[in-house]
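Examining the three-dimensional arrangement
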Amino acid sequence: MKRILIGLSFMFMLVGCSNKNEENSPNSDKVEEVNASTQLLEDHTAQIDKLELQNEELQATLDNLQTDFSYKEEEAAYYKQVIDDLIKDYSDAQLKDLALNLWDYELQINGVPVPVNGLVDIQDQSIEISLIERQTEYPILPQKIFMQGQISGDYIDHIKVNSNPSETYVTDGTVVTAVHHKYENVEKDSTISFTVTEELRNRLGLETTEIMINLK
């Protein structure tokens, strides 16, 4: 109602101004002024209607998101309680075994996992050794127990290269981090070797701690 009154007042003001100039303006000019004022009012009203509709749609979306968030919070609290009840009688060894399953380690050469025998044949003269640490996106255990599943110390220190790489860098995400050792312009028929710790070997399921990369 307030919007309509404002619009009518605006229209009356324009018509009033038109009447004041009636004696000095041709009749056709007055008609054009009234038509222009009417069109301006209609455009203004249409714009307001559009904005109000957009506001209603945004408010509906916000309400849905708030409802979903509340539901997810309730769901998370429920499952946490279920897990706490399930593990309350676990031994320390059982809890650690459970935590180990929430951390994953992968060793790759140019994006391909290293085979269990540690022997890698490659033809690309650019070689990248990547050690990846991946934790679960949704830890289900108390933080103290969850961290027991991580490899000891810093995972970066569990790999030792025997020759200086062209570049070493780390990528760091929310749940996935990795260290990369990159070698450029490696000569054909050459070999690059590196070692991993016994602990990392066990986590990776490898048969050896020494990895050999043969450039064919």
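Conventions used here
- Residues numbered from 1 in each chain as written.
- Predicted model: local features only at pLDDT ≥ 70, side-chain atom pairs only at ≥ 80, totals over all residues.
- Heavy atoms only, no water.
- Helix = DSSP H or I, 4+ residues; strand = E, 2+ residues; numbered from the N terminus.
- Buried < 20%, exposed > 50% of the residue type's maximum accessible area, 1.4 Å probe, protein only.
- Polar contact = N/O pair within 3.5 Å; in protein donor to acceptor, adjacent residues only side chain to side chain.
- Contact = heavy atoms within 4.5 Å.
- Pairing = 2+ DSSP bridges.
- Axes fitted to C-alpha atoms, helices over the stretch in contact; angles between N-to-C directions.
- Core = buried A, V, L, I, M, F, W, Y, C linked by side-chain atoms within 4.5 Å.
- 1 Å grid on protein atoms, 1.4 Å probe; cavity = no way out; pocket = protein on both sides within 12 Å on 5 of 7 lines; lining within 4 Å.
- Points joined across faces, edges and corners; volume = space filled by probe spheres on them.
- Nonpolar A, V, L, I, M, F, W, Y, C, P; charged D, E, K, R; others polar.
- Salt bridge = Lys/Arg side-chain N within 4 Å of Asp/Glu carboxyl O.

When you line up the elements, Ser130 lands in strand 4 (residues 127-135). Look at Ser130 and you get buried, because its relative accessible area is 5%. A polar contact is formed between the side chain of Ser130 and the side chain of His180, at a distance of 2.8 Å. Those residues within four positions of Ser130 in sequence are excluded, and the remaining contacts are Glu106, Leu107, Gln108, Val179 and His180.

Once that is clear, we can look at the sheet that holds strand 3 (residues 119-122). The strand order across the open sheet built from four strands is 3-9-8-5, with neighbouring strands paired in mixed fashion. Each having just a single partner strand, strand 3 and strand 5 (159-161) make up the two edges of the open sheet. Neighbour-to-neighbour, the strand axes of this sheet turn through a mean angle of 20 degrees, independent of strand direction. Here strand 8 (residues 191-196) pairs with strand 9 (residues 210-215) via five bridges, running antiparallel. Bridging from a neighbouring strand, Thr195 pairs with Glu210 of strand 9.

Our focus in this paragraph is the nonpolar core. Counting residues in hydrophobic clusters, the biggest one holds 33 residues, and the most contacted among them are Leu107, Ile109, Ile127, Ile129, Ile159, Phe194 and Ile213. The biggest single contributor to this core is strand 1 (residues 103-109), with four residues. Setting aside its immediate chain neighbours within four residues, Ile129 contacts Leu107, Gln108, Ile109, Ile159, Val161, Val179, His180, His181, Tyr183, Phe194 and Ile213.

Below, the discussion takes up unusual backbone geometry. A positive phi angle, near 50 degrees, is found at Asn110, a position not held by glycine. Mapped onto the elements, Asn110 comes out in the loop between strand 1 and strand 2 (112-113). According to the relative accessible area criterion, Asn110 is partly exposed, its value standing at 30%. With phi around 65 degrees, Asp189 is a residue other than glycine that occupies positive phi space. Position of Asp189 among the secondary structure elements: in the loop between strand 7 (176-183) and strand 8. Given a relative accessible area of 70%, Asp189 falls into the exposed group.

Time to look at the layout of surface pockets. The probe, sized like a water molecule, is rolled over the atoms to show the empty space still left. In this structure, the largest pocket encloses a volume near 240 Å³. For the largest pocket, the full set of lining residues is Lys72, Glu75, Ala76, Tyr79, Lys80, Ile83, Asp84, Tyr138, Pro139, Ile140, Leu141 and Pro142. In the lining of the largest pocket, the residues fall into eight nonpolar, no polar and four charged.

With that settled, the discussion passes to the side chain of Thr177. When you line up the elements, Thr177 lands in strand 7. The class of Thr177 is buried, set by a relative accessible area of 15%. A polar side-chain atom of Thr177 sits 3.2 Å from a polar atom in the side chain of Tyr155. Excluding its chain neighbours within four sequence positions, the residues that come into contact with Thr177 are Leu131, Ile132, Glu133, Tyr155, Thr171 and Asp172.

A few words on the pattern of salt bridges. For the coordinates displayed, the defined rule picks out four salt bridges. Between Arg134 and Asp104 there is a salt bridge whose closest N-O contact spans 3.0 Å. In this pair, Arg134 is assigned in strand 4 and Asp104 in strand 1, connecting sequence segments 30 residues apart. For Glu198, the salt bridge is made with Arg201, and the minimal N-O distance between the two is 2.7 Å.

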